[in-house]
Amino acid sequence: MFKRAAVLVVGCGALLAGCGNDGLQAEQEEIISNLIEAGHPADDIQVVDGAVYVGRDAQVNLEASQEMLQTGEGSAEHYRTTNLVGTSIKRICINPTAQFNSYSRLSQGLDMAIANYNVLALRFTLARGPTTGCNANITATTTTGTGISSGYPSGGLPYGQIVIGTGFQNFSVDLNEHVITHVLGHAFGLRHTDFFNTAGCGSGEGSGGVGGILIPGTPTVDPNSLMNSCYSTSATGEFSQYDIIALNYLY
Ligand SMILES: [Zn+2]
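Residues numbered from 1 in each chain as written. Predicted model: local features only at pLDDT ≥ 70, side-chain atom pairs only at ≥ 80, totals over all residues. Heavy atoms only, no water.

Enquirer: Hey, could you run me through unusual backbone geometry in this one?
Expert: Of all residues except glycine, most have a negative phi; of all peptide bonds, most are trans. A cis amide bond links Gly-129 to the next residue, Pro-130, at an omega of 5 degrees. Inspection of the secondary structure assignment puts Pro-130 in the loop between β6 (125-128) and β7 (136-143). Backbone geometry places Asp-49, a non-glycine residue, at a positive phi of 50 degrees. The topology assignment puts Asp-49 in the loop between β1 (45-48) and β2 (51-54). Of note, the phi angle at Ala-121 is positive, near 50 degrees, even though the residue is not glycine. Position of Ala-121 relative to the elements: it lies in the loop between α6 (104-118) and β6. On the basis of relative accessibility, which here comes to 64%, the residue Ala-121 falls in the exposed class. (Helix = DSSP H or I, 4+ residues; strand = E, 2+ residues; numbered from the N terminus. Buried < 20%, exposed > 50% of the residue type's maximum accessible area, 1.4 Å probe, protein only.)

Enquirer: So what exactly am I meant to see when it comes to the packing of aromatic side chains here?
Expert: Aromatic rings in a pair are described by how distant their centres are and how their planes are angled relative to each other. Per the stated rule, a full pass over the model turns up six aromatic pairs. Plain terms: the ring middles of Tyr-117 and Phe-239 are 5.1 Å apart, the flat faces sit at 80 degrees to each other, and that makes the pair edge-to-face. Of this pair, Tyr-117 sits in helix α6 while Phe-239 sits in the loop between β10 (213-214) and α8 (241-250), and the two are 122 residues apart along the sequence. Residue class for Tyr-117 comes out buried when judged on its relative accessible area of 1%. Geometrically, the ring pair formed by Phe-168 and Tyr-231 is tilted, given 6.5 Å between the ring centres and 45 degrees between the ring planes. Taken together, the positions of Phe-168 in the loop between β9 (161-165) and α7 (173-187) and Tyr-231 in the loop between β10 and α8 put the pair 63 residues apart, joining distant regions of the chain. (Phe/Tyr/Trp six-rings, centres within 6.5 Å; stacked < 30°, edge-to-face > 60°.)

Enquirer: Explanation requested: the environment of Gly-151 in the structure shown.
Expert: By the element assignment, Gly-151 lies in strand β8 (residues 148-151). On the basis of relative accessibility, which here comes to 0%, the residue Gly-151 falls in the buried class. Between the C-alpha atom of Gly-151 and that of Val-52, which follows or precedes it by 99 residues, the distance is 9.6 Å. Apart from the residues lying within four places of it in its own chain, the contact partners of Gly-151 are Ala-58, Gln-59, Tyr-159, Gln-161, His-186 and Ala-187. (Contact = heavy atoms within 4.5 Å.)

Scope: geometric values only; no functional claims are made or implied.
Listed below in structure tokens is the structure:
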């Protein structure tokens, strides 16, 4: 309880606009309450610009937090949330903004990230928009610096937005491929693989015992996982063998 209150105070200190709004604050409180009940450690939860995040880069809206209250036991393997993309979704279109497209390495990284998923022949395919025949859409937009963010699915739909910092233009195309594939993984319901072991990254996800559902066939530690919270600037942008097992299991 104390930790939860502390989270809210920090959130409001950083967000003057949201703190005067009772409706928004009540919604934030419910999201945080649901996340804690679902097993997320309090220090894994942040409020930034009125939005609630877990693991630093995955936004959780009210509906997603309610869906997370369905059961989930954790262990130290690849993780998914309780929230997944529904079986009716066959074609997910990723629609970059004009600003996103103007950064050549972000743009190339998006094509490579889409290819990473499509080569696995999952039950949905990804297409770069604008295009037609989409069952679901994700906007690819930008922020400053090297921030990245996304969110978890809700209502059977992938999260509707990924955000990539334009600072990644200064890094390799492979690193752009890596971070875009990573945030898409969240949008499809993957948690951080190193959920229980993020001390080196300072992400504060903690060592709580629940909050993720283990994916059978994946190991305790996978230093090559694209879904680790930490990444190196020399990242290859390719899935690890266990990432592929996890995705094939889910989809
Ligand atoms: Zn992440």
